[in-house]
Amino acid sequence: MNIKFEYQPTASDMVILSAHSKNEKVSLNTKCKDIKATFESAKSKTSFKASKGETFTLQNDGTTFLIVGMGDKTKFKSECLRRTFGKVFRSLRSKELNSVSIDALSFKGKFDSVSTCELIYETVLLSDYVFDKYKKTKSDNKIKNLTIFIDDKKLKAKVQKSTERVFNTCESINITRDLVNEAPNVLHSEEYAKIVEKDAKKNLKGVKVKILNKSMIKKEKMGLFLSVNAGSAKEPRLVHLSYTPKKVTKKTKHVALVGKGITFDTGGYSLKPGSSMVGMKFDMGGSATLYGAFRAAVLNNSPYKIDCVLAMTDNAVNSEATTPDSIVRGRKGITVEILNTDAEGRLILADALDYASDLGPDEIIDAATLTGACLVALGTQVCAILGNDNKLISSLKKSAAAQNEYIWELPIIDEWRDDMKSKIADLKNIGSTRYAGTATAAAFLENFIGKDIAWAHLDIAGVCDSQSHLSYCNPKGASGLMVRSVAHYLLNEK
Ligand code: BES
Ligand code: ZN
Ligand code: ZN
């Protein structure tokens, strides 16, 4: 699909407009008197109320007009536009329409013109994503030309600039989705590192790429990371990307991102039951989300210095695999009694967080599909945030709110910190009960954060995939959620 921005009307097979309702009165949002008149007479014969997402089709002079209801336009929020428009766009993808034109400013409601155009463009790019590389019959988008018509030439320069930014973010989100959706027999640690390296070298000019292989990870004494990799047929990889902004002073904020990249989680010797194992290819979602956010932040010229550290391995079983009861020393010198090999994410993160701490950042943000307990606490729609710094947590919460992504803070209390202590080693890798599993995992991670570093942990176990209620995400498979929020934070956007 070819997407163009036009500042004067062009002929298309279909034109998309919006209508709103106020005190039961329905009005079409267009300046064109001709269409307004046709709409008034056609509408009187139907029950179209222009409620949110309701659609109505109209023929005028050989063009089909698709009219999308916004309900009360003063209450139409940006997320309403994403969800409504995403649904409309998805239903059109399979139709034989050569050219479709969207009258962007018709959807303006209470937004400003530039953000309306951005939101429409973003929704189109996110809703157009499919993962069909293994299907003989592709679910191709049949729309050849999509025009976003902006009836205001003065906006041209502004829109062009902001849509570039939207494109960079959405392209990065779709890369995150591709990585998460990829099958684990294809995307194992070695391949995952290669794909990220190739993309970063090609698209992220100036970013330094360092990849640590098994012997380098051994030299780093990352015993916890290696213990998870012990049962694997593949080598672990630690991908380290660094970005420095053009203008850098002593005051430039330095952020490190640390992602869980378990390419498949069998549970190890603490084997998952078959039905819980299905879907565990998404256990590298934290690393893919942060790579997406890093990529978007770099392409959109983040003012911060950013390091992105991604720890990659599967959690597999063979005769070499780590058994429960093992005691392993991590890079920081802390020993961990491994009581459950299925609590592996925190082990690889422990060494990666310690490595990231040594880079001297002001802040560390980690993301991981870390606990099933996160789904019990917050469902599949809300991301958990925990950490040691209120300012960082509240800024990330603000970024999520600005992007209409759901995030909720859970506490870390001393009782849970104590609960993660082992009788025979410094720490153990599971709590004594099943309760508060998301927080006990975070209480474990906290031990590996360097002194005076602000830290926030995102447990994306619920939000990483299958967001069937969001029309701009695939109903099954990777959502790409939280990339927008983290990128927003890294770009210091309002
Ligand atoms: N990758 C899983 C977390 C997970 C489980 C995410 C289910 C989404 C759905 C993680 O490695 C894991 O298995 N965690 C265990 C920890 C437990 C053994 C303390 C869990 O959540 O059951
Ligand atoms: Zn696990
Ligand atoms: Zn896992």
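Since the model is a prediction, treat every value here as computed from it, not as a measurement.

How each quantity is defined
- Residues numbered from 1 in each chain as written.
- Chains lettered and ligands numbered in written order.
- Predicted model: local features only at pLDDT ≥ 70, side-chain atom pairs only at ≥ 80, totals over all residues.
- Heavy atoms only, no water.
- Patch = residues over 30% accessible without salt bridge, like charges linked within 9 Å, V, L, I, M, F, W, Y side chains within 5 Å.
- Areas by Shrake-Rupley, 256 points an atom, 1.4 Å probe, with all protein chains shown as cover.
- Salt bridge = Lys/Arg side-chain N within 4 Å of Asp/Glu carboxyl O.
- Helix = DSSP H or I, 4+ residues; strand = E, 2+ residues; numbered from the N terminus.
- Pairing = 2+ DSSP bridges.
- Contact = heavy atoms within 4.5 Å.
- Buried < 20%, exposed > 50% of the residue type's maximum accessible area, 1.4 Å probe, protein only.

**Quick look at a nonpolar patch on the surface**
Together, Tyr 269, Leu 271 and Val 317 line one region of the surface with nonpolar side chains, adding up to about 270 Å² of accessible area. Within the secondary structure layout, Tyr 269 lies in the loop between strand E10 (254-265) and helix H8 (274-277).

**What to know about the pattern of salt bridges**
If you walk through the whole model with that rule in mind, you get 31 salt bridges. Linking Arg 165 and Glu 493 is a salt bridge whose minimum nitrogen-to-oxygen distance equals 3.1 Å. With a gap of 328 residues between them, Arg 165 in helix H4 (residues 156-181) and Glu 493 in the segment after helix H15 (483-490) connect regions that are remote in the sequence. Of the charged contacts in the structure, one is a salt bridge between Glu 171 and Arg 295, with a shortest N-O distance of 3.0 Å. Of this pair, Glu 171 sits in helix H4 while Arg 295 sits in helix H9 (residues 285-299), and the two are 124 residues apart along the sequence. Because the salt bridges share partners, they merge into one network encompassing Glu 79, Arg 82, Arg 83, Glu 122, Glu 405 and Arg 484.

**Digging into the sheet that holds strand E12 (residues 326-329)**
Spatial strand order, E12-E13-E17: three strands in an open sheet with mixed pairing. Edge positions in the open sheet fall to E12 and strand E17 (427-428), since each of these has one partner strand only. Bridge count between strand E13 (residues 335-338) and E17: two bridges; the pairing is parallel. Each residue of the ladder has a partner; that of Val 336, found in E17, is Leu 427.

**Comments concerning the side chain of Thr 289**
By the element assignment, Thr 289 lies in helix H9. In contact with Thr 289, other than residues within four places in its own chain, are Thr 176, Ile 460, Leu 481, Met 482 and Val 483.

**Observations concerning the pairing of strand E9 (residues 237-243)**
Of all seven residues in E9, seven are buried, a share of seventy percent or more. Of the two faces of E9, the one carrying Arg 237, Val 239, Leu 241 and Tyr 243 and the one carrying Leu 238, His 240 and Ser 242 are both buried. Pairing of strand E8 (residues 208-212) with E9 involves five bridges; the strand directions are antiparallel. The residue bridging Val 209 from the neighbouring strand is Leu 241, located in E9.

Worth remembering: the numbers are spatial, not functional.
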